[in-house]
Amino acid sequence: MMKTMRTTRGVIALSLLAGAVCGAEYFVSPAGSDARDGLSREAAFATVQKGVDALAPGDTLTLLPGEYRESVKRDGLGSLEAETVIRAETPGTAVLRGDEPAPAFEPAAGSRYVWVGVFDGAAEAVAVNEQDTLTVLRRAPNAAELGFRPGTFYQDRAGGRLYVSPSDQAPARTHRYTVSVRATHGLYLSNARRVRVEGLDVTGFQGKELLTYHSGTLGGTWGLFLFNGKACVIRGCRAWLNGWGIGLNSERAASGDNVIERCLARGNDSAFCSGDMGGLTVFKARRDTIRESAAFLNGMYGVNIYGTGTDGGTYGDADVPGNEPENKSRLIDCLAWGNQSADFKIKTGVAYHHTVERCAGPGLWSVRGSNVTGSLIGRGTGGAGADSIVLEKEEGLDPEAEFADPANLDFRLQATSRFRGTGPGGTDRGPFVFEPAVYYVGPAGDDAADGQSAGRAWKTLARAAGALKPGDTLYVLPGEYEGALRLALAGTAEKPITVRGRGTEPAVIRGAVSLGGIRHTVFERLAFEGALEQDGATGLAFRACTLNGTPNPPAAGWAPGAFGRWPGDGLLGALPPDTPLRAEA
């Protein structure tokens, strides 16, 4: 699936992947103190800003697990001679927050749809975040308007009250809210050189007005942003419910060659912007890349490029300096869906060279068709090549018969898919070349079948379990299955086996199931109604399952019917393990 990049960029990537600590290593902990030297876990700093300020080129800052309620900025960090690192000790456990918990809400007198809570007027409510629906409530000028405008809030600072009108007009107690109180970016680095930011979560940073253009953010407030960075990497980071998600701006000639990879942006949205932006964005791109990442339910765009980093000339001319093929930027192996304006967009104002390669988005695209290769496009891109799939142009299309699990955005091809062998030179169309690594089992199946499509599914879980090898996915079609069986599955740490329910209807396993001795296997979206025996199991995980009648969503907030494991199981390597796809539970 993954293809080799150009040689010059490949050399940069290899050096960045090394990850060794060459200089000093500093630590930050919620239990630390900025009066310490930060050079050990026991002497950790308390704030990320203190740690970032301490970094010299080649140093590493390690964030210990916890929440850090601060914004962080630094200019001129790093050097091209040595990699400088800002990282979570354990990816996904260090959270940079611009929000605070919301108060308990009670019904507001005289209004059916408005709720009110006590909120200290010393803190300005920049925004209110409806976490469980990934909705940023819009500010209203007074409390009276909230009854007519779902999805809004009003703060009475003098009276110490916060009013909300839930997005669905349901009682506020049925939702989870936080209040953004820091009207700035989460992590903002300008003129960084060969800096790697890895494994951070950023949420709750919102703007109350357009920011100055000098910051290079086109007026927006971002969870994580690099302005005029050079050879920097943002890897494995997640941004949700910020003004906008994760962004780059390679405006100056000495910047560019940056990478956003394995990142997730969801539910980022703001009223304040002066250009195209969204979940994952590159402004004035110069050989920058977004790859193996996902963006969904963001305002404006999911994954996009806005502008080319030109070096003089009259902008709008096709031959403006800097707009050459060797300077193209790329969107590779990305997934986007449900974004407000479009899932993918490239806009530059000139005849551009930027490309979208092996990406999937079942919604609207705004990209010139000739710049798209091997992708799955919902609608909107004209002239896409014969190696891509454009869903709106496929007559009589039944996605359930073509793709592994389209309801949950797994667009790998079934063995019987019409898209196999129908591309140029007999190749498979779309982002995925068919591989016999996805299997199916269903109540109406046949154990004598090959199990490689929903229409040729096996009938029993025992038959399926005996055939699965490391790295395989088994889709369990909706219905009921007999238990009283032993599942002897043997995945590996590098290639776990995944067994997951398909579609949106329940897959129920009745009776006892023995998982004793099972190795590196993940169960998702399944209902186990009998006893589970797990003695001797290694690397066993349950996600969005029901165990003995009790729902078992992971603590990170896994959403039933969402994505799968990482990497490369039909989601274009978009998500790390345990990625929360709704708000934290």
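Up top is the structure these notes are about.
What you see is a predicted model; the values in this text were computed from it and never measured. (Residues numbered from 1 in each chain as written. Predicted model: local features only at pLDDT ≥ 70, side-chain atom pairs only at ≥ 80, totals over all residues. Heavy atoms only, no water.)

**Concerning empty space enclosed by the protein**
Counted only if it meets this: In the cavity and pocket records, a cavity denotes points on a 1 Å grid over the protein atoms alone where a 1.4 Å probe fits but cannot get out, a pocket denotes an open set with protein on both sides within 12 Å along at least 5 of 7 lines, and lining residues are residues with an atom within 4 Å of a point. Grid points are joined across faces, edges and corners, and a volume is the space filled by probe spheres set on the points. Numbering goes from the N terminus for both helices and strands, where a helix is a DSSP run of H or I of at least four residues and a strand is a run of E of at least two. Lys, Arg, Asp and Glu make up the charged group, whereas Ala, Val, Leu, Ile, Met, Phe, Trp, Tyr, Cys and Pro make up the nonpolar group; the residues left over, Gly among them, are polar.
Following the criterion strictly, the structure yields five cavities of 30 Å³ or more and no others. Estimates place the volume of the largest cavity at around 60 Å³. Considering the residues around the largest cavity, the lining is formed by Leu461, Ala464, Ala465, Leu468, Leu474, Leu487, Leu489, Val499, Ile509 and Phe523. Sort the elements by how many residues they give to the lining of the largest cavity and helix H4 (residues 461-465) lands first, with three residues. For the lining of the largest cavity, a count of residues per class yields 10 nonpolar, no polar and no charged.

**Quick look at the sheet that holds strand E41 (residues 485-486)**
Stated precisely, the cut-off is as follows: Any two strands between which DSSP finds at least two bridges are classified as paired.
Strand order across the open sheet formed by three strands is E41-E44-E47, with parallel pairing between neighbours. A strand with exactly one partner marks an edge of an open sheet, and here the two such strands are E41 and strand E47 (532-533). Here strand E44 (residues 513-514) runs beside E47; their pairing, made up of two bridges, is parallel. Within E47, the residue paired with Ser514 across the bridge is Glu533.

**Looking at the environment of Gly151**
To keep it simple, the criterion reads: Each residue is assigned to one of three classes by its accessible area relative to the maximum for its type, calculated with a 1.4 Å probe on protein chains only: buried under 20%, partly exposed between the two thresholds, exposed over 50%. Should any heavy atoms of two residues lie within 4.5 Å, those residues are considered in contact.
Position of Gly151 among the secondary structure elements: in the loop between strand E11 (135-139) and strand E12 (152-156). Given a relative accessible area of 11%, Gly151 falls into the buried group. With 21 residues separating them along the chain, Gly151 and Glu130 place their C-alpha atoms 8.7 Å apart. Excluding residues within four positions of it along the chain, Gly151 makes contact with Leu137, Arg138, Ser165, Pro166 and Ser167.

**A few points about unusual backbone geometry**
Non-glycine residue Ala231 carries a positive phi angle of around 55°. Summarising the element assignment, Ala231 is placed in the loop between strand E18 (222-227) and strand E19 (233-235). Take Ala231: its relative accessible area is 8%, and that puts it in the buried class. One non-glycine residue, Arg358, lies in positive phi territory at about 55°. The topology assignment puts Arg358 in the loop between strand E31 (355-357) and strand E32 (360-366).

**As for the packing of aromatic side chains**
Which entries qualify depends on this criterion: Two rings from Phe, Tyr or Trp (for Trp, the six-membered ring) form a pair when their centres are within 6.5 Å of each other. A pair whose planes differ by under 30 degrees is stacked, one over 60 is edge-to-face, and the rest are tilted.
For the structure on display, the rule yields 17 aromatic pairs. Both rings, one in Phe225 and one in Phe283, keep their centres 6.2 Å apart while their planes meet at 40°; by these two values the pair is tilted. Of the two residues, Phe225 is situated in strand E18 and Phe283 in strand E24 (residues 278-285); the sequence distance between them amounts to 58 residues. Like Phe225, the residue Phe283 is buried in the burial classification.

**Description of the environment of Leu477**
Note on placement: Leu477 falls in the loop between strand E39 (473-476) and strand E40 (479-482). Taking C-alpha positions, Leu477 is 9.9 Å from Asp405, a pair spaced 72 residues apart along the chain. Residues within four places of Leu477 in sequence aside, it is in contact with Tyr440, Val441, Gly442, Pro443, Ala454, Arg502 and Ala507.

Geometry only, nothing functional implied.
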